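Per-entry structural report
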2 protein chains.
Amino acid sequence: MLYPMSAGAQEDAVQESSRGAAWGAPVLRVAILDRDSGFIQVLCKRLDRIGLEHRVLASPVPLDVLASMRLSALIVDLTVLGPQAWEWLQRVCAELPDLGVVVCTGSSTVAQRVRGLRLGADDWISKPCHPEEVIARVEGLVRRRSNTSGRAAKAPIAVGELEVRGDRFQAFVRGQSLDLTRREFELIELLAGAEGRVLEREEIYSRLWGYVMVRGDRSVDVFVRKLRQKLKAASPGWRYIHTHFGIGYRFAVEPAAKHSDGDIAEETAAERDPRLDAALQPAEDSDLTLAALSAD
Amino acid sequence: MLYPMSAGAQEDAVQESSRGAAWGAPVLRVAILDRDSGFIQVLCKRLDRIGLEHRVLASPVPLDVLASMRLSALIVDLTVLGPQAWEWLQRVCAELPDLGVVVCTGSSTVAQRVRGLRLGADDWISKPCHPEEVIARVEGLVRRRSNTSGRAAKAPIAVGELEVRGDRFQAFVRGQSLDLTRREFELIELLAGAEGRVLEREEIYSRLWGYVMVRGDRSVDVFVRKLRQKLKAASPGWRYIHTHFGIGYRFAVEPAAKHSDGDIAEETAAERDPRLDAALQPAEDSDLTLAALSAD
DNA sequence: GCGCCTGTAAAGATCCTGTGACCATTTGCC
DNA sequence: GGCAAATGGTCACAGGATCTTTACAGGCGC
């Protein structure tokens, strides 16, 4: 037998999760794709109460529109989608890997649920269902996703002369702001947070833009260029972003070209400043700490 | 061992960590904490059929033991845990953030489900339930986790002075980068990952290029040459890539030829026999080779 | 010794990235 | 609302880096 939940437990949990988002995490944004007015009404009321941004859609929208909404999660009734349901579901899950998808549909067979989950749905709830449970599942989903992908983002990252402050959405060189735009900042944060590792263009793109990169898209390159430009202007003695031909980019501080050596990883472990390694250390195991904190 | 696992997991654990480094997805490992023999039996049968390693626990185990099992996911019936259920669940979720937790319990109230999910459970399924759905949910869970956090999973391969780092797309000799191009890196990663084994040209080609090699294509040879060149420049005292005439290449560290013996395959028939002929076998009917590859 | 296989080198084709200019959209301001 | 600046994103071109092909020389096994 299970043990009943104490009265205040859920309120606390809700407060906590929205407060936990404080500054760093963008507000949770959820879309509901359904036509069941009763369900929508009840759910929206709940969402309103806990202060989640939400939006109701009555019919399937094109993927790029969906992407532009920058949602955290989508709650969808497959019956709204008609015969294209499976295909649409699959495409959404494939092309918007950062979007949490919760199917919330009337009666369904095991085979249908399995199919939906295999296509990439994150959860499948059968109606009738309690809005509180729907919300709890959505929150869990979002919490897990942000735990795993965006964890190292918060602590300020310091590399050489550069300092990336997640709390200000800015990067500084010797205390002076680089005056980065939103995308530029997101990019430098991502790169610096993965210092040493090579990030593939596709990964960078899907993390910053939220959906999969189409072949031939040069956006990442363009923003890398803009970043390099500002970095060079503010910190001419160092190079930060290194190109890995055919793969992507890697972030590492290096003295600016002594000899016009190729730019691909001429940097060696021996050459690397011990200070840098030390500075990097906390970032590597910070995931445990943060995870423990956020789960608190 | 206290808790027997079905597929000889303990021995494999060691193997796996080295094998998993290459490309293979790490094996999914699941534990079931339940006493419902019918449920367990049906579920295990399914798990067996799809080749998932699994292990059944009848009572809660200490967290460190759980951690030592290196599970991908845990399927748990809360009733087994008794009054400590919520606390145990919370601690598991908090302290093992990489472990997927699926609660699978008999009747429950909305409040209980919400509480469980808020404490960190990844999913909550009500019994009776279909094992297929349980598996689909576990798989989805693991898939999502590995998508987001498991990127850095590529463990470095170290052979003698050489170190191949998947996360940097680079190989290092005594800490110094070899400055490899993409294909060169893929090749050395493949070879070093199969250290000691002879890889046929056709296999190398189809793994790197993704399609079958046409007769007369010399690409593999050319890249082997480039690799040898860079390896020799960085690590002149050693030889790494060995030619097997008429077959392919084998990766192994060896001191560079002391006597000016021809550098091509000074070890021939003697060493060749046992493994080689076995390895060569499938080559005769290329159908087999290809089938194996595509299934890989 | 002969035919086949591999090492080596270089030329050409191909693909990838850096770059600057340009347009669309959003944001801030009056 | 209208205007101007800032920002995000696209395009085309030029210069490199990388890959593929080809040719030839030398080694290997029979």
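See the structure printed just above.
Sequence order as written defines the numbering, with residues in each chain counted from 1. Working convention: letters from A go to chains and numbers from 1 go to ligands, in the order in which they are written. Where totals are concerned, whole chains, interfaces and linings use all residues; where local detail is concerned, this predicted model gives features only for residues with pLDDT of at least 70, and gives and counts side-chain atom pairs only at 80 or more. Just so you know, side-chain values use all the structure's heavy atoms and leave hydrogens and water out.

Another aspect to go through is the protein's contact with DNA strand C. Neighbouring DNA strand C are 20 residues; R201, R218 and R228 of chain A together with R228 and T243 of chain B lie closest to it. Whether a residue is near a molecule or strand depends on its heavy atoms: it is near if one of them lies within 4 Å of it. Of all atoms in DNA strand C that approach within 4 Å of the protein, 56% are sugar or phosphate atoms. The contact in question runs from a phosphate oxygen of DNA strand C to an N or O atom on the side chain of T243 of chain A, over 2.7 Å. Sorting the residues of the surface near DNA strand C by element identifies α9 (219-234) of chain A together with α9 (219-234) of chain B as the ones contributing at least two each. Distance and chemistry together define a polar contact, namely a pair of N or O atoms within 3.5 Å, with one atom able to donate a hydrogen and the other to accept it when in protein, and with adjacent residues in sequence counting only for side-chain atoms on both sides. By the criteria applied, helices consist of DSSP H or I runs no shorter than four residues and strands consist of E runs no shorter than two, each listed in order from the N terminus.

Residues and elements named next belong to chain A. With a 1.4 Å probe rolled over the protein chains alone, any residue whose accessible area is under 20% of its type maximum counts as buried; one over 50% counts as exposed, and the rest are partly exposed. Strand β12 (residues 248-255) sits mainly inside the fold: 7 of its 8 residues count as buried. Inspection of the sheet shows strand β10 (residues 198-200) paired to β12 by 3 bridges, in the antiparallel sense. Within β12, the residue paired with E200 across the bridge is G248. Inspection of the sheet shows strand β11 (residues 238-244) paired to β12 by 6 bridges, in the antiparallel sense. Note that in β12 the partner of W238 across the bridge is P255. Two strands pair under a simple rule: DSSP has to find at least two bridges between them. The turn linking β11 back onto β12 is made up of 3 residues, and G246 within it adopts a positive phi angle of 75°.

The subject of this paragraph is helix α5 (residues 110-119) of chain A. Those residues of α5 of chain A not exposed but buried are R113, V114, G116, L117 and L119 of chain A. Immediately downstream of α5 of chain A, the backbone of G120 of chain A shows phi near 125°, a positive value.

This next bit is on unusual backbone geometry. All names here are of chain A. With omega at 0°, the peptide bond leading from K127 into P128 counts as cis. Positioned with a positive phi, R174 is a non-glycine residue whose angle comes to about 50°. A positive phi is found at D179, a non-glycine position, where the angle reads about 60°. Along the chain, D179 falls in the loop between β9 (176-177) and α7 (182-193). Given the relative accessible area of 57%, D179 is considered exposed.

Of all hydrophobic cores here, the largest spans 34 residues; its most connected members are L162, I188, I241 and F251 of chain B. Looking at this core, the elements that each hand over two or more residues are β6 (157-159), β7 (162-165), β8 (170-173), α7 (182-193), α8 (201-209), α9, β11 (238-244) and β12 (248-255) of chain B. Contacts are assigned to residue pairs that have any heavy atoms within 4.5 Å of one another. With residues up to four places along the chain from it excluded, the contact list for F251 of chain B reads V159, L162, I188, L191, A192, E195, G196, R197, Y240 and I241 of chain B. Put simply, buried Ala, Val, Leu, Ile, Met, Phe, Trp, Tyr and Cys residues joined by side-chain atoms within 4.5 Å make one nonpolar core. V164, L178, L190 and Y249 of chain A belong to the second-largest nonpolar core, a separate cluster that totals 31 residues.

Residue and element names in this part refer to chain A. To estimate how far a helix should reach, multiply one less than its number of residues by 1.5 Å. Taking 1.5 Å per residue, 12 residues should reach 16 Å; α7 reaches 16 Å between its end C-alpha atoms and fits that length. Most of α7 sits out of view: 10 of its 12 residues are buried. Where α7 is concerned, the buried positions are R183, E184, F185, E186, L187, I188, E189, L190, L191 and A192.

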